[in-house]
Amino acid sequence: MKKIVKSLFVFTSVFIMGACGTGTETNEKTTATSTKSSEKTEVSSGASEQTYTNPAEMKDSYDIIIVGAGGNTLKSSSGMNASETKFQKENGIKDSNDAFYEETLKGGGGTNDQELLRYFVDHSAEAIDWLDQNGITLDNLTITGGMSEKRTHRPSDGSAIGGYLVDGLLKNVHERNIPVFVNTEVTDIKENDGKVNEVTIKVQGEEPKAITGKAIVVTSGGYGASESFIKKYRPDLEGYVTTNQSGSTGDGITMIEKLGGQIVDMDKIQIHPTVQQDEGVLIGEAVRGEGAILVNQEGKRFVNELDTRDKVSAAITALPEKSAYLIFDQGVRDRAKAIDFYEQKGYVVSGESVAELAEKVALPQEALTQTLETWNQAVAAQKDEQFQRTTAMENDLSKAKYYAIKIAPGIHYTMGGVKVNTKTEVLNKENQAITGLYAAGEVTGGLHGDNRIGGNSVAEIIIFGRQAGQQAAKFVSES
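Thresholds applied
Residues numbered from 1 in each chain as written. Predicted model: local features only at pLDDT ≥ 70, side-chain atom pairs only at ≥ 80, totals over all residues. Heavy atoms only, no water. Buried < 20%, exposed > 50% of the residue type's maximum accessible area, 1.4 Å probe, protein only. Helix = DSSP H or I, 4+ residues; strand = E, 2+ residues; numbered from the N terminus. Pairing = 2+ DSSP bridges. Salt bridge = Lys/Arg side-chain N within 4 Å of Asp/Glu carboxyl O. Contact = heavy atoms within 4.5 Å. Polar contact = N/O pair within 3.5 Å; in protein donor to acceptor, adjacent residues only side chain to side chain.

*Asks:* Requested: an account of the pairing of strand β10 (residues 269–276), with residues and values cited.
*Replies:* Looking down a regular strand, the side chains alternate between one sheet face and the other. With eight of its eight residues buried, β10 lies for the most part within the structure. Here two bridges tie β10 to strand β11 (residues 281–282), and the two strands are oriented antiparallel to one another. Each residue of the ladder has a partner; that of Q276, found in β11, is V281. Between β10 and β11, which pair antiparallel in sequence order, lie four residues; one of them, G280, sits at a positive phi of approximately 65 degrees.

*Asks:* Break down the environment of H123 for me, citing the residues and quoting the values.
*Replies:* Its place among the elements puts H123 in the loop between α5 (114–122) and α6 (124–133). Using a relative accessible area of 24% as the deciding quantity, one classes H123 as partly exposed. The sequence separation of H123 and E84 amounts to 39 residues, and the corresponding C-alpha distance is 9.9 Å.

*Asks:* Give me the pattern of salt bridges: which residues, what numbers.
*Replies:* Applying the stated criterion to the full structure yields 27 salt bridges. One salt bridge in this structure joins E103 and R151, with 2.8 Å as the shortest N-O distance. Of this pair, E103 sits in helix α4 (residues 97–107) while R151 sits in the loop between β4 (140–142) and β5 (152–154), placing them 48 residues apart in sequence. Residue classification places E103 among the buried positions, given a relative accessible area of 17%. For R151, a relative accessible area of 0% corresponds to the buried category. As a salt-bridge pair, K258 and D188 come within 3.7 Å of each other at their nearest N and O atoms. Taken together, the positions of K258 in helix α9 (residues 251–258) and D188 in strand β6 (residues 184–192) put the pair 70 residues apart, joining distant regions of the chain. Exposure remark for K258: the relative accessible area of 64% places this residue in the exposed category. Connected via shared salt-bridge partners are R301, E305, D384 and R389.

*Asks:* Quick rundown of the sheet that holds β4? Include the residues and the values.
*Replies:* If you walk across this open sheet you meet the three strands as β3-β5-β4, and the pairing is antiparallel. Of all strands in the sheet, those with a lone pairing partner are β3 (80–81) and β4, marking the two edges. Relative to β5, β3 is paired through two bridges, and the arrangement is antiparallel. Looking at the pairing, M80 lines up with H153 of β5.

*Asks:* Describe α5, and please don't skip the residues or the numbers.
*Replies:* Residues L116, L117, Y119, F120 and V121 constitute the buried set of α5. Residues of α5 that are buried sit in contact with α4, α6 and α16 (456–478). Residue D113 occupies the N-cap position of α5, its side-chain oxygen lying 3.1 Å from the main-chain nitrogen of E115.

*Asks:* Account for the side chain of T424, naming residues and giving values.
*Replies:* Within the element layout of this structure, T424 appears in the loop between β16 (417–418) and β17 (425–427). Using a relative accessible area of 1% as the deciding quantity, one classes T424 as buried. Excluding residues within four positions of it along the chain, T424 makes contact with L437, Y438, A439, F464, Q467 and A468.

Now the structure itself:
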């Protein structure tokens, strides 16, 4: 396992530490150690400018050890789903936990772990409040595929959530003087006398050493960048570009399975429909959530753009070119601030008119013009006769300039992983909790079923990461 980029490493550990309440205020209450590396991040963040604990200060024992973070959080752009929140109420949005539950269950093909899902939706509003209390306000609302209400929460200016969230949580962890170690490999997790209480770590340039903890929390992410995992569980996806940072190779899953932990749903890997292929950068669902449409090489719509990700991906893959264009106007450009990054990267083509845009991306001008006219009429009538889209139709596409981003599907998210209960305790093959071992985030499996809804991954790491911190702290205080 390789080192992890500093700005990505600490997200879940910061988050868990903010939720811990061990009753002690010493710096010994936790240490965090990384498992893998990452390359360039999708969105910029001041997190990279934060300071970290000198490895020379590492002690031999801590109350809680947090192993890694997947790194993909910093790349998140769309937002965090939650229902019955104060921000929804302030915006006149009538939502319910039951609706959130049923739509997520439907999106997952009914295969979701229903106990985890029930806990997830019922604690989503509380998680939004907790973030707000810690200076991380997500009060700008949009919608993602498979959802019927605006329950995707973003920063106030509508910008990408990843960098904002990581910076805010990292700020909180530093304010609490919690040690965070980077450039540190975790090579093994061990059980002694019936409790998981030890990790083997290797700081760069030094010999491996054992660190003990009263509880171990694993937050090391999924396996979307692992060629071996993809080949083993989904050989049909070999060769697909991935949106994952290079550290998402399933190391935490491997270590936990070695301890006897149960793994589930490993063949359930999500393909995201809108990925820039040259660099594997995800074009966030918020672009469609703010009104963008998809067109094929003939300049025509071919799918309900806000259907679930699996269905939209399948529709794109079925096209002769296996790619499509996101088309949007200046209104979408203004509302979805994440587009700033895509433009900086050179992914966005613009035109002063629809005709100019069509010429630049080699689409039939007449067909594209007619497609937009038909779409704008559907928005005015609030009825999409072609593909029965019902969401993100508040604004038409009539405000110059006009924009296009070429996209195709890519490996995005792994629904499989370690089996946990609602206390985030890792379960063995007999469905019994492994004492002292907790896990949260994409390293776990079961919550999302066959297909994850956009905006639910950030919600998962906040809701269950917080739970892992609280439960680990409770275990430590009682042991």
